[in-house]
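Spelled out from the first residue to the last, the chains are:
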Amino acid sequence: MNRENKIGSYHFVAEPFHVDFNGELTMGVLGNHLLNCAGFHATERGFGIATLNEENYTWVLSRLAIELDEMPCQYEDFSIQTWVENVYRLFTDRNFAIVDKEGRKIGYARSVWAMISLNTRKPADLLTLHEGSIMDYVCDEPCPIEKPSRIKVAAKEPQAVLTAKYSDIDINGHVNSIRYIEHILDLFPIELYREKRIRRFEMAYVAEGYYGDKLSFFCDEASEDEYHIEVRKNGEEVLCRSKVIFADK
């Protein structure tokens, strides 16, 4: 299989209801586009969620890191490329490039996924499923950003607490991975977004949250313009951790 067939490319427009007050695509919408592209690419190659659900399997996002030089602006055309970098027994690495209307790569993303059994909620062996044919799609396309890092949070008191409501819950019955991104970015004042842009954003998903759970957000300022966040449910169990690095516009 040639390189072009291993890389999926999908076109988007930054719609007015997908941008923030600066007129730039929001990180939540970009994250949603990335996950959709992962789904499109997997489906076209026989590993989509609908196909896996028939066999009682599904994909679960474990880690996500996004690094940007700039964000698409309102009404701008852009595209997202995606490909599989590595396949291990229990995890697979999937990368992305964000490409502007002139064909410049303005950002990249790295993600780590597991395929789990819907019956046991335990990871499946990717090297045996479908006779290991997922290996046919591994591609050596470069992705020049760091892999997701380990995130530690020492804060003892939450910066915010909210209850998971209807709009937080996805088709699987738990808090949507993108909603965590949106809630985390709401921790910062709007003045910060007037002066700074998000240069790098990371998410590490640990456990599932459900409707009615009390979500507590703990935040450390690790260094200037770098913040580490941990989300816990009902005061105890860690649901996810995040790193946000800002840069001057």
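Calculation criteria
Residues numbered from 1 in each chain as written. Predicted model: local features only at pLDDT ≥ 70, side-chain atom pairs only at ≥ 80, totals over all residues. Heavy atoms only, no water. UniProt positions renumbered as here; feature names shortened; annotations may be inferred. Helix = DSSP H or I, 4+ residues; strand = E, 2+ residues; numbered from the N terminus. Core = buried A, V, L, I, M, F, W, Y, C linked by side-chain atoms within 4.5 Å. Buried < 20%, exposed > 50% of the residue type's maximum accessible area, 1.4 Å probe, protein only. Contact = heavy atoms within 4.5 Å. Pairing = 2+ DSSP bridges. Axes fitted to C-alpha atoms, helices over the stretch in contact; angles between N-to-C directions.

The protein is annotated in an unreviewed UniProt entry as Acyl-[acyl-carrier-protein] thioesterase of Bacteroides pyogenes. Per UniProt, the protein has the following entry under Sequence similarities (unreviewed entry): "Belongs to the acyl-ACP thioesterase family."

Colleague: Even after reading the chapter, I still don't get the UniProt feature "domain: Acyl-ACP thioesterase-like C-terminal" (unreviewed entry) in the protein, so can you show me in this structure?
Modeller: What UniProt calls "domain: Acyl-ACP thioesterase-like C-terminal" (unreviewed entry) maps, in this numbering, to residues 160-227. Secondary structure across residues 160-227 comprises 22% helix and 38% strand; the distance between its end C-alpha atoms is 15 Å.

Colleague: I would appreciate a short explanation of the nonpolar core in the present structure.
Modeller: One recurring pattern in soluble globular proteins: nonpolar side chains tend to sit buried together. In this structure, M27 and L30 are the most contacted members of the largest nonpolar core, which totals 60 residues. No other element matches the eight residues that helix 2 (residues 27-44) contributes to this core. With residues near it in sequence (within four places) discarded, L30 still touches L25, I66, L68, M71, I80 and I98. Within the second largest apolar cluster, eight residues are counted, among which are W83, Y108, C143 and I145.

Colleague: What exactly am I supposed to notice about the sheet that holds strand 5 (residues 105-117) here?
Modeller: Sheet strands associate in pairs through backbone hydrogen bonding, adopting either a parallel or an antiparallel arrangement. Pairing is antiparallel across the open sheet formed by 10 strands, whose spatial order is 1-3-4-5-2-7-10-9-8-6. Among the strands making up the open sheet, the edge pair consists of strand 1 (8-13) and strand 6 (160-163). In this sheet, neighbouring strand axes are inclined to one another by 25° on average, regardless of whether the strands run parallel or antiparallel. Bridge count between strand 2 (residues 57-68) and strand 7 (residues 196-205): five bridges; the pairing is antiparallel. Note on strand 7: the bridge partner recorded for A65 is E202. The strands that helix 2 touches are strand 1, strand 2, strand 3 (77-87), strand 4 (92-100), strand 5 and strand 7; relative to strand 3, the one it contacts most, it runs at about 55°. Against the sheet, helix 4 (residues 177-185) touches strand 2, strand 6, strand 7, strand 8 (214-223), strand 9 (226-233) and strand 10 (237-248), its axis set at about 135° to strand 7.

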